[in-house]
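The lines below spell out each chain.
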Amino acid sequence: MQNYVLILDFGSQYTQLIARRVRELNIYCEIHPYNKIPSNIDDFKAVILSGSPNSVRGEAVLHPDLSKLRHKKPLLAVCYGAQYLAHFFGGEVAPSNTREYGRANLSYVSANELFFRNIEVNSQVWMSHSDTIKTLPKHGVLLASTKDVKNAAYKIEGEATYAIQFHPEVYHSTDGKQLLENFLVHIAKVAQDWTPNSFVDQTVATLKKQLGNDKVVLGLSGGVDSSVAAILLHRAIGKNLYCVFVNNGLLRKNEFTNVLNQYQGMGLNVKGVDASARFLKALEGQSDPEQKRKTIGKVFIDVFDDESQQITDVKWLAQGTIYPDVIESVSATGGPSATIKSHHNVGGLPDFMKLKIVEPLKTLFKDEVRRVGASLGMDKELLGRQPFPGPGLAIRILGDVTREKVRVLQEVDAIFINGLRAWNLYDKVWQAGAILLPVNSVGVMGDERTYEKVVALRAVESTDGMTADWVNFPYEFLQKISNEIINKVKGVNRVVYDISSKPPATIEWE
């Protein structure tokens, strides 16, 4: 049996946070839809049931098959999971008189209960539900209450099953990490042995076994994910890794040359391909964001196919897919996935390429990728590089894409990013960039009226990109950057700053 934790997802907005908190305990976990319990269930030492926007009393109730889990694995049921166990196993769930959402404090905690080890009365927890547990399930034993929620936590006598009405995974639950540690480490006896070094050793060994002497081609982007994937693959197969860095004409200013120089000395076999004219030609006249993405993806595959055919006997395509890409491409409820992004590295390739996919990072969150890269001894500047969208500046140019618009946005973006570095703000920002808006603005320069473009600056703080807050920059910084952009970039006469958070907005505008 492996030291893995299985998280069954019922569609909660917080499910990924559960995984992140578990990973912070140096415990490996995986998220799977509630109705697709993995076949290798014996590899998991404990199971967590997530929350859900659904109600156990509604017609769209989500029914997991718990026959393989209860009495066999330590089980922690969170929110919807806790209500499910109550509603269908001898208890009662009813609508709350008032919606129970937000901060609450524990008013009662069962004494000498291992589940609440080092957690005191008055500990703050986060509630997010409209139903409440009126009666505990058969053999249920009350463990904790709040002022408004009597059955805030319980266990089921005779089995290692625990249930909580609140969310320990969110930061507002001040002792949430402690509670997860109590359940996973002290009750389920899961070992805390999942570290960046152990990931590297295990992944390199797996890649060696999976790939053997086969040749692999990898599309480098210059970003953290593809770079860390390249180093792992290089450790596993050495000279059999062929890296290709494609200039799609939508990169940041001077990025093609800078990235190629950055890879020098890393021991990688990298070929730079300037296909900018090919991409820009294909994008002519296209304004729809989804169509632009599809066009870029198609041209990239064509360019990549041309390059891969120059490598004899290549059998694999490596991608820098990370865990949020995988999760966002799977529906928690078993139906069609909601399309959040269509430029993820998730999915198949055209049949004509006939390449198998290898994804060394598909189980990692972004910050974990960076920690793995650090354990590999990679350059701090490369590891600290901010995320950049796969379609590049095409989705930061709202409307159709032209060479002149790319030039303008590259100049604006360079001023913004260089300014962040000069003010020592770059490393404090998750992601920053500029957006060229499809509107003209009246202005005055000298004694002449102008009618030129508007650009929006965007900068957010985040841990993994799933949620994000806008960065509250000093006014002096924004003033300087705005003045520099308007004075130096011909064609722009107005600068605005985006103060929207994710959700409800997204980080990118398209």
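Residues numbered from 1 in each chain as written. Predicted model: local features only at pLDDT ≥ 70, side-chain atom pairs only at ≥ 80, totals over all residues. Heavy atoms only, no water.

*Asks:* Which parts of the structure should I look at to understand the nonpolar core?
*Replies:* Note on soluble globular proteins: their nonpolar side chains tend to be buried together. If you look at the biggest cluster of nonpolar residues, it comprises 67 residues, and the most contacted ones within it are Tyr-154, Val-228, Leu-232, Leu-241 and Leu-361. Of all the elements, helix H5 (residues 224-237) adds the most residues to this core, at nine residues. Setting aside its immediate chain neighbours within four residues, Leu-232 contacts Phe-199, Val-200, Thr-203, Val-204, Leu-207, Pro-360, Leu-361 and Leu-376. With 48 residues, the next largest nonpolar core counts Val-244, Leu-280, Val-401 and Phe-416 among its residues. (Core = buried A, V, L, I, M, F, W, Y, C linked by side-chain atoms within 4.5 Å. Buried < 20%, exposed > 50% of the residue type's maximum accessible area, 1.4 Å probe, protein only. Helix = DSSP H or I, 4+ residues; strand = E, 2+ residues; numbered from the N terminus. Contact = heavy atoms within 4.5 Å.)

*Asks:* Explanation requested: the state of the cysteines in the structure shown.
*Replies:* By definition, a disulfide links the sulfur atoms of two cysteine residues through a covalent bond. In the structure shown here, the tally under the stated rule is zero disulfides. Unpaired in this structure, Cys-29 has its nearest cysteine sulfur neighbour in Cys-79, at a distance of 19 Å. The class of Cys-79 is buried, set by a relative accessible area of 5%. (Disulfide = S-S within 2.5 Å.)

*Asks:* Sorry if this is basic, but what is going on with the pairing of strand S3 (residues 44-49) here?
*Replies:* Sheet faces and side chains relate simply in a regular strand, where the side chains alternate between the two faces. Along S3, five of the six residues are buried, which leaves the element largely enclosed by surrounding structure. Taken together, the five bridges between strand S1 (residues 4-9) and S3 define a ladder with parallel strand orientation. Paired with Val-5 across the two strands is Ala-46, which belongs to S3. Relative to strand S4 (residues 75-78), S3 runs parallel, the two being bridged by three bridges. Bridging across to S4, Val-47 finds its partner in Leu-75. (Pairing = 2+ DSSP bridges.)

*Asks:* Looking at this structure, I do not really get the pairing of strand S13 (residues 314-318). What am I missing?
*Replies:* In terms of burial, S13 is largely enclosed, as four of its five residues are buried. Here strand S10 (residues 215-220) pairs with S13 via four bridges, running parallel. The residue of S13 that forms the bridge with Leu-218 is Ala-318. Bridge count between S13 and strand S14 (residues 356-358): three bridges; the pairing is parallel. In the strand pairing of S14, Ala-318 is matched with Val-358.

*Asks:* Would you take a moment to explain the environment of Glu-113 for this structure?
*Replies:* Note on placement: Glu-113 falls in the loop between strand S5 (92-109) and strand S6 (124-135). Note on Glu-113: relative accessible area 11%, which makes it buried. Taking the C-alpha atoms as reference points, Glu-113 and Leu-143, 30 residues apart in sequence, are found 7.8 Å from one another. In this view, Glu-113 contacts Leu-143, Lys-155 and Tyr-162; residues no more than four positions away in its chain are not counted.

*Asks:* Looking at this structure, I do not really get the sheet that holds strand S12 (residues 270-274). What am I missing?
*Replies:* In a beta sheet, neighbouring strands pair by backbone hydrogen bonds and run either parallel or antiparallel. Taken in spatial order, the five strands make up an open sheet running S12-S11-S10-S13-S14, and their pairing is parallel. Each edge of the open sheet carries a strand with a single partner, namely S12 and S14. Each adjacent strand pair in this sheet contributes to an overall mean axis angle of 30°, direction not counted. The sheet contact formed by S10 and strand S11 (residues 241-247) spans five bridges and is parallel. Note on S11: the bridge partner recorded for Gly-219 is Val-244. The sheet contacts of helix H6 (residues 255-263) involve S10, S11 and S12, and relative to S12 the element is tilted by about 175°. (Axes fitted to C-alpha atoms, helices over the stretch in contact; angles between N-to-C directions.)

*Asks:* What am I meant to see in the pattern of salt bridges here?
*Replies:* If the charged atoms of two oppositely charged side chains come close together, the side chains can form a pair. Per the stated rule, a full pass over the model turns up 23 salt bridges. In this structure, Glu-24 and Arg-21 form a salt bridge, with 3.0 Å as the shortest nitrogen-oxygen distance. Of this pair, Glu-24 and Arg-21 both sit in helix H1 (residues 15-24), separated by three residues, roughly a single helical turn. For Glu-24, a relative accessible area of 33% corresponds to the partly exposed category. Using a relative accessible area of 4% as the deciding quantity, one classes Arg-21 as buried. Residue Asp-413 pairs with Arg-252 through a salt bridge whose shortest N-O separation is 2.8 Å. Remark: Arg-252 occurs in the loop between S11 and H6 and Asp-413 occurs in helix H12 (residues 403-422); sequence separation between them is 161 residues. A relative accessible area of 2% places Asp-413 in the buried class. Overall, Arg-252 belongs to the buried group, its relative accessible area being 12%. One network of salt bridges, with partners in common, ties together Arg-20, Asp-367 and Arg-371. (Salt bridge = Lys/Arg side-chain N within 4 Å of Asp/Glu carboxyl O.)

Any functional reading would require information beyond the geometric quantities listed.
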